Amino acid sequence: MARTKHLISIDDLDDDDLHHVVDRAARFAAGPVEHGRPLADQVVGLYFRRTSTRTRTSFWSGSLRLGAGVVNFGPNDLQTNTGETTEDTGRVLSSMLDVLVARTCGTTEELRGWASWGGMSVVNAMSELEHPTQALTDLATIKAHFGTLSGIRVAYLGEGNNSATALALAAARVPGMEVDFRTPPGYAVDPGVMARAHAVARRTGATLSESHDMSTPPSGVDVLYTTRWQTTGTAKPDPRWRDVFAPFQVGAALWDTNPDAVFMHDLPAHRGEEVTAEVLDGPASIAFRQAANKMWTAMAVVEWCRA
Ligand SMILES: NC(=O)NCCC[C@H](N)C(=O)O
């Protein structure tokens, strides 16, 4: 029997797996794809401890489209709330579910615990440090738009959050891809993840860089990407943090040096904070196509897990 596959970190995918999932998602997005409902008779559990619009709906809708049944747990539904151990929870859920998609927003230790029982695939729908299905969506969106990933130059402006770390790890797998992270001082991409991503990039020929300075804006990039300023579950103790973030706002002036760039955003957006309404709702924005691609990516992920 094939091993049970999990997507808890981008690191769980080998290069072929990653390119397979991204290409499959881009193909689903181009549609229609005859998939033969590969999840018929399987059950996907969704367990979201935090709010979610795109990720939960994409896995719910995508799993139904692939033929699966879906069970949804809110933040207060499982007996973990009354003290049942992670081990016992995983042991029980893995005897009843084929896939568990979970947004814990904590470390991934709990997800690894659930995965250790075997049989049930575990998908990280966003943890504190990494949002792997977002990065796969991002690459699928770029592939669908440009027809290639190789040679594509991305500038990411904003907090080094879970979407940024996943993007660093995923883009590092793509030979010839470049990502210029511009993160506000004090809000860098996790240095441990960045070091891992750099090691991968050295192997593949991708290029990653990070700076905390916008005095020289990015230029000649294909994609300008941003993210909201209030990352889920985090607080900004510095009362002047908005002053630190302000130079990283994506506004129309960035198109002076990046005339051909498309605009991407992991959403939800806050017009007037990380992006102007003019950009988000303007002709260069593919942010809502990117959001729609979350469902096609969820389908590619779930299908890959159970193949
Ligand atoms: N696309 C998404 O999953 N959006 C939800 C929030 C993403 C953002 N990185 C956050 O942590 O708040």
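Look above for the structure.
Residues numbered from 1 in each chain as written. Predicted model: local features only at pLDDT ≥ 70, side-chain atom pairs only at ≥ 80, totals over all residues. Heavy atoms only, no water.

Asks: Break down the nonpolar core for me, with residues and values.
Replies: Of all hydrophobic cores here, the largest spans 61 residues; its most connected members are V101, L136 and F181. Per-element accounting of this core gives the leading share, eight residues, to helix α11 (residues 287–306). Sequence-distant contacts of V101, that is, excluding residues within four places in its chain, are made with V44, G45, L46, Y47, F48, F59, V123 and A125. L157, V221, L267 and V279 belong to the second largest nonpolar core, which has 17 residues in total. (Core = buried A, V, L, I, M, F, W, Y, C linked by side-chain atoms within 4.5 Å. Buried < 20%, exposed > 50% of the residue type's maximum accessible area, 1.4 Å probe, protein only. Helix = DSSP H or I, 4+ residues; strand = E, 2+ residues; numbered from the N terminus. Contact = heavy atoms within 4.5 Å.)

Asks: Would you mind going over the site of the ligand in detail, with residue names and values included?
Replies: By nearness alone, 17 residues border the ligand, and H131, N162, T232, D266 and L267 come closest of all. The separation between an oxygen atom of the ligand and a polar side-chain atom of H131 is 2.7 Å. Taking S163, its side chain carries an N or O atom lying 3.2 Å from a nitrogen atom of the ligand. Calculation on the ligand without its partners gives an accessible area of 340 Å², and the protein chains cover 96% of this total. Taken together, the elements giving at least two residues each to the shell around the ligand come down to α2 (54–65) and α6 (162–171). Among the residues making up the shell around the ligand, the classes are represented as three nonpolar, nine polar and five charged. (Near = heavy atom within 4 Å. Polar contact = N/O pair within 3.5 Å; in protein donor to acceptor, adjacent residues only side chain to side chain. Areas by Shrake-Rupley, 256 points an atom, 1.4 Å probe, with all protein chains shown as cover. Nonpolar A, V, L, I, M, F, W, Y, C, P; charged D, E, K, R; others polar.)

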